[in-house]
Amino acid sequence: MPIPFIPDDAPFTGDQRAWLSGFLAGLHSRLAMPTIAGTAAEPVTGAAAVPLHILYGSQTGNAEGLAQDAADLARRHGLEPHVASLDALDMNALAAMRRLLIVTSTYGEGEMPDNAQLFWDAIAADSAPRLEGLYFAVMALGDTGYDGYCKAGKDIDARLGALGATRTADRVDCDVEYEDAAAAWLSTAVPAIAAVDGVPEASAAVPAASAPTPAKVPSKRSPWNRKNPYRATVLANRVLSGASSSKEVRHYAFALGDSGLVYEAGDGLGVKPVNNSELVDALIGRLRVAPDTTVTVKGSEQRLDELLTHSYEIGVPSLDLIEAIAERSGDDELQHVLSTGDRESLDAWTWGKDVLDVLALDTTLALDPAELLALLRPLQHRVYSISSSPLAHDGTVHLTVASVRYRSAERDRGGVCSTFLADRVAEGESAGVFLSPNKSFRLPADDDVPVVMIGPGTGIAPFRAFLHERRARNAPGRNWLFFGDQHRASDYIYEDELNALSRDGVLSRLDLAFSRDQTEKIYVQNRMREAGKELYGWLEEGAHLYVCGDATRMAKDVDAALHDIVAEHGGRTSDQAEDYVAELRRGKRYLRDVY
Ligand SMILES: Cc1cc2nc3c(=O)[nH]c(=O)nc-3n(C[C@H](O)[C@H](O)[C@H](O)COP(=O)(O)OP(=O)(O)OC[C@H]3O[C@@H](n4cnc5c(N)ncnc54)[C@H](O)[C@@H]3O)c2cc1C
Ligand SMILES: NC(=O)c1ccc[n+]([C@@H]2O[C@H](COP(=O)([O-])OP(=O)(O)OC[C@H]3O[C@@H](n4cnc5c(N)ncnc54)[C@H](OP(=O)(O)O)[C@@H]3O)[C@@H](O)[C@H]2O)c1
Ligand SMILES: Cc1cc2nc3c(=O)[nH]c(=O)nc-3n(C[C@H](O)[C@H](O)[C@H](O)COP(=O)(O)O)c2cc1C
């Protein structure tokens, strides 16, 4: 019988093969239907420890979880795994290493995750050590929806090679549905790196079920994840923005019930949406089939309407679909956009279009349901910054979400997840959620340290959490918030709460920027510049600075303002200001949660 993930010609004895098969099947099912990780793997004993360093770059925990899986498997191969984040490593330690596995995601626009940036800066520098004695392999996590697909992993892989290190397995690039590819890669990459300098003695001892546990890495993985979300009851769903606002921002509260879900201020919450039934019906109509038509997917027969409702992304169209329809429809404009290879033009073309729009390019095209499904991406969860504090809002988790609504080509459209929350789960009903940790976006451990928070629009979410957390902790440190949106009258969300926090002395300073209440736009960075001297003073006193909200425009402009403030009020050249801000980042005092 073929064994999943193990090539038939792999060099294992029958016992080893049977054991490894069981372990991988367990690993695989744990990834698909998780239990608390870290309990399944039994250690190998009886040999001198052969260290394997497993370093991760991870923003929301996927890469970190896979690093723990790699550690479980490494123990089986007689290795002693040491798991840590990439930025915990210094270059002397790297130069002295023999075996290294790296698992990293990519963030921003092709950037390193926060806890990999320092490592990258160090290995990218001219002063990086030569690594001829190092054997390594890289697993990259990413999302083909982004331009810089898996760029962090690709860059690290290439740079380690350029520094003279030897690859024991080719890099694997894993898309959003990463579980199968990751498990398959681990099943070959771990034995390959174990075999460096000869197979460790202990691997002959597989299996060794009764052995004591050496260097066991405690796993904190939650049983709830995107494959197995917790059904949380919606306790509140209310509109925060005023009637005259051009936006609809809502406050949600979910009950954590008996989930055991534990979060910290700064974390995110993943929400598994359900598609809009009107769009599902329209697509089925376009395919000219009955809703109860069945399609065989991964060996099981399922109803088309169910699949389109729960399993496929029918809002934002996939690149595969766009390319296929461009070719079959011969649409001139789309073919031109694709032929340039320019991702920005393609994104501009795609902006505001859903799957139905793409199929409408040629209404005579006949597509059968299975053909269409093969071109769609699996329906993804969306992440939201948690706006509550576990200390202040016991047993619940809150979100602050802007509903994405717009009209295009004479049809009202809605973002899949934000309108799922707004329109398709009423109070008392439940939605699938799971924790998306953001370990680097944390309040200072020292409650005396001042914090500056810049969060216009829904960017206020984690700062509401921070402020409530600091109040609940009786933290004496000062708190300064920059907030803004279009109009004070309609978009000043959480105004009462912010006033109360100011009255209570928790919010030491609040600077507001309502962009459209005057002829000239006023943004949070204008307020930062106006208060530049004081802001620089707070930084000099050790304040931590946080930014949350729009990544493409706001976060970039805020970053530029910060550099200017440091240069002007710190009497520095622009290079020195650059170094000062880099030092803030290195010291984890300039943290961003931007999207
Ligand atoms: C770490 C993180 C934290 C986040 N925190 C928050 C948060 O606290 N609050 C929050 O509200 N969001 C937050 N987001 C964003 C959130 O995850 C979703 O991206 C957002 O809610 C949109 O998802 P959706 O499913 O509703 O829209 P989608 O179905 O993903 O649709 C988005 C698409 O709609 C189209 N579109 C959108 N607006 C327009 C328009 N005006 N005109 C034409 N087309 C348009 C575009 O094609 C766009 O690609 C966060 C994101 C991340 C990564
Ligand atoms: N990519 C886009 O074109 C686009 C557009 C809107 C929203 N979004 C996304 O929509 C989500 C929710 O947005 P939101 O409603 O919470 O907030 P938002 O759209 O970011 O708006 C909040 C405030 O920020 C202002 N703003 C606009 N450009 C800015 C800049 N360069 N620097 C500083 N402030 C700026 C807005 O002003 P004005 O509106 O008056 O300019 C508004 O007052 C986010 O994911 C955001 O990234 C994206
Ligand atoms: C805001 C944001 C930006 C992202 N940017 C990229 C990107 O530029 N390139 C990419 O390949 N993946 C990108 N991703 C996808 C992540 O790398 C992917 O979801 C990964 O599984 C996350 O792993 P982690 O939980 O270990 O951080 C992005 C995800 C988010 C939420």
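Residues numbered from 1 in each chain as written. Chains lettered and ligands numbered in written order. Predicted model: local features only at pLDDT ≥ 70, side-chain atom pairs only at ≥ 80, totals over all residues. Heavy atoms only, no water.

Student: Even after reading the chapter, I still don't get the sheet that holds strand β21 (residues 590-594), so can you show me in this structure?
Tutor: The pairing of strands in a sheet happens through backbone hydrogen bonds and is either parallel or antiparallel. Spatial strand order, β19-β18-β17-β20-β21: five strands in an open sheet with parallel pairing. Sheet topology places β19 (509-514) and β21 at the edges, where each strand pairs with a single neighbour. Strand-to-strand twist of the sheet, defined as the mean angle between neighbouring strand axes without regard to direction, takes the value 10 degrees. Against the sheet, helix α19 (residues 532-540) touches β17 (451-454), β18 (479-485), β19 and β20 (544-549), its axis set at about 135 degrees to β18. (Pairing = 2+ DSSP bridges. Helix = DSSP H or I, 4+ residues; strand = E, 2+ residues; numbered from the N terminus. Axes fitted to C-alpha atoms, helices over the stretch in contact; angles between N-to-C directions. Contact = heavy atoms within 4.5 Å.)

Student: I would appreciate a short explanation of the site of ligand 1 in the present structure.
Tutor: Close to ligand 1 lie 20 residues; Arg382, Val383, Tyr384, Cys417 and Ser418 are nearest. Contact between ligand 1 and tyrosine 384: an oxygen atom at 2.8 Å from a side-chain N or O atom of the residue. For ligand 1, a nitrogen atom lies 3.1 Å from a polar atom in the backbone of serine 385. Summarising the interface, the protein chains cover 74% of the accessible area of ligand 1, which totals 990 Å² for the free molecule. Where the shell around ligand 1 is concerned, the elements lending two or more residues are β12 (382-385), β13 (396-402) and α14 (416-424). A class-by-class count of the residues in the shell around ligand 1 yields twelve nonpolar, six polar and two charged. (Near = heavy atom within 4 Å. Polar contact = N/O pair within 3.5 Å; in protein donor to acceptor, adjacent residues only side chain to side chain. Areas by Shrake-Rupley, 256 points an atom, 1.4 Å probe, with all protein chains shown as cover. Nonpolar A, V, L, I, M, F, W, Y, C, P; charged D, E, K, R; others polar.)

Student: Quick question: what am I supposed to make of the site of ligand 3 here?
Tutor: Residues in close proximity to ligand 3 total 19 residues, the closest being Ser58, Thr60, Ala63, Thr106 and Cys150. Here an oxygen atom of ligand 3 and a side-chain polar atom of tyrosine 107 are 3.5 Å apart. In the environment of ligand 3, an oxygen atom lies 2.7 Å from a nitrogen or oxygen atom belonging to the backbone of glycine 110. Compared with its free state, where it exposes 650 Å², ligand 3 has 88% of that area covered by protein. Its residues assigned to classes, the shell around ligand 3 comprises six nonpolar, eleven polar and two charged.

Student: Before we go on, may I ask you to explain the confidence of the model for the protein chain in this structure?
Tutor: Detailed conclusions should not be drawn from predicted coordinates in areas where pLDDT is low. Confidence in the prediction for the protein chain averages 89 pLDDT; 88% of positions are at 70 or higher. Long-range and interchain partners of residues 1-46, a stretch whose pLDDT sits below 50, account for 88 contacts in this model, where long-range means more than four residues apart. Note on residues 203-219: pLDDT under 50 across the span, and 35 contacts to partners over four residues away in sequence or across chains. (pLDDT = per-residue confidence, 0-100.)

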